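What the coordinates show
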Amino acid sequence: MIKKILIANRGEIAVRIIRTCKKMNIGTVAVYSEADQKADFVKMADESYLIGPPRVNESYLNAEKILAVAKQANANAIHPGYGFLSESDVFAEQCEKEGIIFIGPKASVIRQMGSKILARQIMEKAGVPTIPGTKEAVSTSEEAIKSAEHIGYPIMLKASAGGGGIGMQVVNSDEELIQAFESNTKRAKTFFGNGDMFMEKKLENARHIEVQLLADSHGNVLHLFERDCSIQRRNQKVVEEAPSTFISEDTRKQMAEASINAAKELSYTSAGTIEFLVDAEENFYFLEMNTRIQVEHPVTEEITGIDIVEKQIQIAAGERLPISQADILMNGHAIEVRVYAEDPHTFYPSPGHVNEVVFPKGEHIRNEPAITSECDVTPFYDPMIAKLIVHGTNRKDAISKLTEALKTYKVDGIKTNLPMLQRIVTNETFKEGNVTTAFIQEHYVPTIKVK
């Protein structure tokens, strides 16, 4: 039984986890850096402990310190949220050795899915379609050029251990590939301690669609339908919605079945997401698996009524999922937008002091913020400062609610991407649902005047 959870994270996801823990009557422990000592999640938790300076290596990535606090506070479980240590197989193993429940899958599964090359191989074994590309790590630029002859340009060069778009680049020629291979290998080594690279065929006009899974330790694997996350900038998501407006019911069933088969192949437990790229003919291909809660999980919660964090905790406690696939029904349409502290014209981070925040209010409007009025957004962490989620009876209704909500959203003191979000939701292509991963590049960036 889980009695007290340490949240090894910060910001809006820490607030989100605390909220569910309170509902479940589970004690909460927050850990925070010096930069976050006045943050909401620190005040909301039952107990809070300072773990170090602002830099992540000295605080939120300091596994030893976090585990020491967990033992000091008598927390018998740790929820890693997303980012930071959430997909660290080493940390998951450390928790197990210390007798602390890691709220996530087994370390071996995290390790397998953490290598995009190995993940591709496992998905192929499970019968999940994969994008044409290299089967093994590419060691040199010369080897990369030989592989490119067989794959054909354009090619997506990727870091095997990568995430968040780091170490990823589209290349269109041998010359570009040579330069990109060297620079991205160095970046991958710096960020992930692993410089292995691989290559995939770049799918044109693709959509980024992912399937949410729940799997317990009793062999039950369920899907919670799909999310469309095609609107991205710099390979990071900006707008997510559920369900997808593009795929047919038949494709929806096929993607769900493939995702469940993949989870069973892995003996997966916890919440997890299988991400796919889907081409214009609705052919879908495995992209990666996220072995953690996703930033965009609220849209799935809104259309299913299922608290995914609650289910994560129950699964980690060894409980059987109390629902069957037949119990999971799709209700309406939900859209989430990510509010970033960044210049809407250049996408550069815009830290600083927030004088005032006015969140939109109304029925079926959900705010997931990490900021309040009179707070500081520091330069040390991801610039996402809040999420806005709306739920409608259908997509048209959801877009209408989102459009009105964004009109009243105010963040004074720093630059945010709110003007960009307002333009996206009023764009005719978006309203028609004809969006691909090139949406921002095609409909937004060309109008920007960078000073």
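Source: prediction; values computed, not measured.

The number of helices and strands found in the protein is 15 helices and 20 strands. In terms of C-alpha radius of gyration, the protein reaches 21 Å, essentially the compact-globule figure of 22 Å for 451 residues. C-alpha atoms of the protein, sized along the principal axes, occupy 60 × 50 × 45 Å. Scored against the burial criterion, the 451 residues of the protein give a buried share of 57%. Contacts in the protein between residues at least 24 apart in sequence constitute 65% of all its contacts with a sequence separation of at least 6. As displayed, the protein offers around 19000 Å² of accessible surface, 48% of which is attributable to carbon and sulfur atoms. Computed over 51 positive and 62 negative side-chain charges, the separation of the two mean positions in the protein equals 3 Å.

On to the confidence of the model for the protein, then. Per-chain confidence: the protein averages 94 in pLDDT, with 98% of residues scoring 70 or above. Ignoring residues within four places in sequence, the model shows residues 446-451, a span with pLDDT below 50, making seven contacts including any to other chains.

Below, the discussion takes up the nonpolar core. Of all hydrophobic cores here, the largest spans 59 residues; its most connected members are Ile-5, Leu-6, Phe-41, Ile-66, Ile-78, Phe-91 and Ile-313. The residues contacting Ile-313, other than those within four sequence positions of it, are Ile-2, Ile-5, Thr-20, Cys-21, Met-24, Ile-26 and Ile-103. Residues Ile-231, Phe-347, Ala-386 and Leu-418 belong to the second largest nonpolar core, which totals 35 residues.

Read from one edge to the other, the open sheet built from eight strands follows the order 13-12-9-10-11-14-19-17, with strand pairing classed as antiparallel. For this open sheet the edge positions go to strand 13 (284-290) and strand 17 (365-369), each flanked by a neighbour on one side alone. In this sheet, adjacent strand axes meet at a mean angle of 25 degrees when their direction is disregarded. With eight bridges connecting them, strand 14 (residues 333-340) and strand 19 (residues 384-392) associate as antiparallel partners. Across the sheet, residue Ile-335 finds its bridge partner in strand 19, namely Val-390.

A few words now on a negative patch on the surface. A grouping of Glu-149, Asp-174, Glu-175 and Glu-176 is seen on the molecular surface, where their side chains present a negatively charged patch. Relative to the assigned elements, Asp-174 resides in helix 8 (residues 174-192). Relative accessible area serves as the criterion here: at 31%, Asp-174 is assigned to the partly exposed category.

Let us look at helix 9 (residues 249-266). Each α-helix winds once per 3.6 residues, and so residues spaced three or four apart point in a common direction. An ideal rise of 1.5 Å per residue puts 26 Å on 18 residues; helix 9 measures up with 26 Å between its terminal C-alpha atoms. Taken together, the buried positions of helix 9 are Thr-251, Arg-252, Met-255, Ala-256, Ala-258, Ser-259, Ile-260, Ala-262, Ala-263 and Leu-266. The inward-facing, buried residues of helix 9 abut helix 5 (107-114), helix 6 (116-125), strand 9 (207-215), strand 10 (221-233), strand 12 (270-278) and strand 13. Note on helix 9: the residue one or two positions beyond its end, Ser-267, has a positive phi of about 55 degrees.

Let's shift gears to unusual backbone geometry. Cis geometry marks the peptide bond from Tyr-153 to Pro-154; its omega dihedral reads 0 degrees. Take Pro-154: it is sitting in the loop between helix 7 (141-151) and strand 6 (155-159). At the junction of Ala-242 and Pro-243, the peptide bond is cis and its omega measures out at 0 degrees in the coordinates. Among the structural elements, Pro-243 can be located in the loop between strand 11 (236-242) and helix 9.

This part takes up the packing of aromatic side chains. Throughout the structure, instances matching the rule amount to seven aromatic pairs. Consider the rings of Phe-359 and Tyr-409, whose centres lie 5.7 Å apart with planes at 80 degrees: the pair is edge-to-face. Remark: Tyr-409 occurs in the loop between helix 12 (395-408) and strand 20 (410-412) and Phe-359 occurs in the loop between strand 16 (356-358) and strand 17; sequence separation between them is 50 residues. Judged by centre distance (6.2 Å) and plane angle (55 degrees), the ring pair of Phe-380 and Tyr-381 falls under tilted. Looking at Tyr-381, the relative accessible area reads 9%, which means it is buried. Pairwise contacts between aromatic rings join Tyr-60, Phe-84, Phe-380 and Tyr-381 into one cluster. Taking NZ or CZ as reference, Arg-233 lies 4.2 Å from the ring centre of Tyr-340, over its face. Sitting above the plane of the Phe-430 ring, Arg-395 keeps its charged end 4.8 Å from the centroid.

If you walk across this open sheet you meet the three strands as 7-6-8, and the pairing is antiparallel. Two strands lie at the open edges of the sheet, namely strand 7 (169-171) and strand 8 (197-201), each paired on one side alone. In this sheet, neighbouring strand axes are inclined to one another by 30 degrees on average, regardless of whether the strands run parallel or antiparallel. Pairing of strand 6 with strand 7, which is carried by three bridges, proceeds in the antiparallel orientation. Counterpart to Met-156 in the pairing with strand 7 is Val-170. Strands in contact with helix 7 are strand 6 and strand 8; relative to strand 8, the strand with the most contacts, it is inclined by about 15 degrees. On the sheet, helix 8 packs against strand 6, strand 7 and strand 8 and is oriented at approximately 165 degrees with respect to strand 7.

Attention now goes to the pattern of salt bridges. Enumeration according to the criterion identifies 37 salt bridges in this entry. Salt-bridge contacts for Glu-210 lead to Arg-227; the nearest nitrogen and oxygen are separated by 2.8 Å. Taken as a pair, Glu-210 in strand 9 and Arg-227 in strand 10 lie far apart in primary sequence, 17 residues in all. On the accessibility criterion, Glu-210 (0% relative accessible area) is buried. Salt-bridge contacts for Lys-431 lead to Glu-428; the nearest nitrogen and oxygen are separated by 3.1 Å. Residue Lys-431 and its partner Glu-428 are both found in helix 14 (residues 428-432); the two are separated by three residues, about one turn of the helix. Here the salt bridges do not stand alone but share partners, grouping Arg-16, Arg-19, Lys-23, Glu-301, Glu-302, Asp-307, Glu-310, Lys-311, Arg-366 and Glu-368 into one network.

A word on the packing of helix 12 against helix 13 (residues 418-425). Where helix 12 contacts helix 13, the axes come no closer than 10 Å and their chain directions differ by 150 degrees. It follows from the interaxial angle that helix 12 and helix 13 lie roughly antiparallel. Every pair of crossing elements has a handedness; the one defined by helix 12 and helix 13 is left-handed. Across the interface between the two elements, Ile-399, Leu-402, Thr-403, Leu-406 and Lys-407 of helix 12 pack against Leu-418, Leu-421, Gln-422 and Val-425 of helix 13.

The rules behind the values
Residues numbered from 1 in each chain as written. Predicted model: local features only at pLDDT ≥ 70, side-chain atom pairs only at ≥ 80, totals over all residues. Heavy atoms only, no water. Helix = DSSP H or I, 4+ residues; strand = E, 2+ residues; numbered from the N terminus. Rg over C-alpha atoms; globule rule 2.2 N^0.38 Å. Buried < 20%, exposed > 50% of the residue type's maximum accessible area, 1.4 Å probe, protein only. Contact = heavy atoms within 4.5 Å. Areas by Shrake-Rupley, 256 points an atom, 1.4 Å probe, with all protein chains shown as cover. Lys, Arg positive; Asp, Glu negative; His and termini not counted. Charge placed at Lys NZ, Arg CZ, Asp CG, Glu CD. pLDDT = per-residue confidence, 0-100. Core = buried A, V, L, I, M, F, W, Y, C linked by side-chain atoms within 4.5 Å. Pairing = 2+ DSSP bridges. Axes fitted to C-alpha atoms, helices over the stretch in contact; angles between N-to-C directions. Patch = residues over 30% accessible without salt bridge, like charges linked within 9 Å, V, L, I, M, F, W, Y side chains within 5 Å. Salt bridge = Lys/Arg side-chain N within 4 Å of Asp/Glu carboxyl O. Expected span 1.5 Å × (residues − 1). Phe/Tyr/Trp six-rings, centres within 6.5 Å; stacked < 30°, edge-to-face > 60°. Lys NZ or Arg CZ within 6 Å of the ring centre and 35° of its normal. Parallel < 35°, antiparallel > 145°, perpendicular 65-115°, else oblique. Left-handed = near helix turned anticlockwise from the far one by under 90°.

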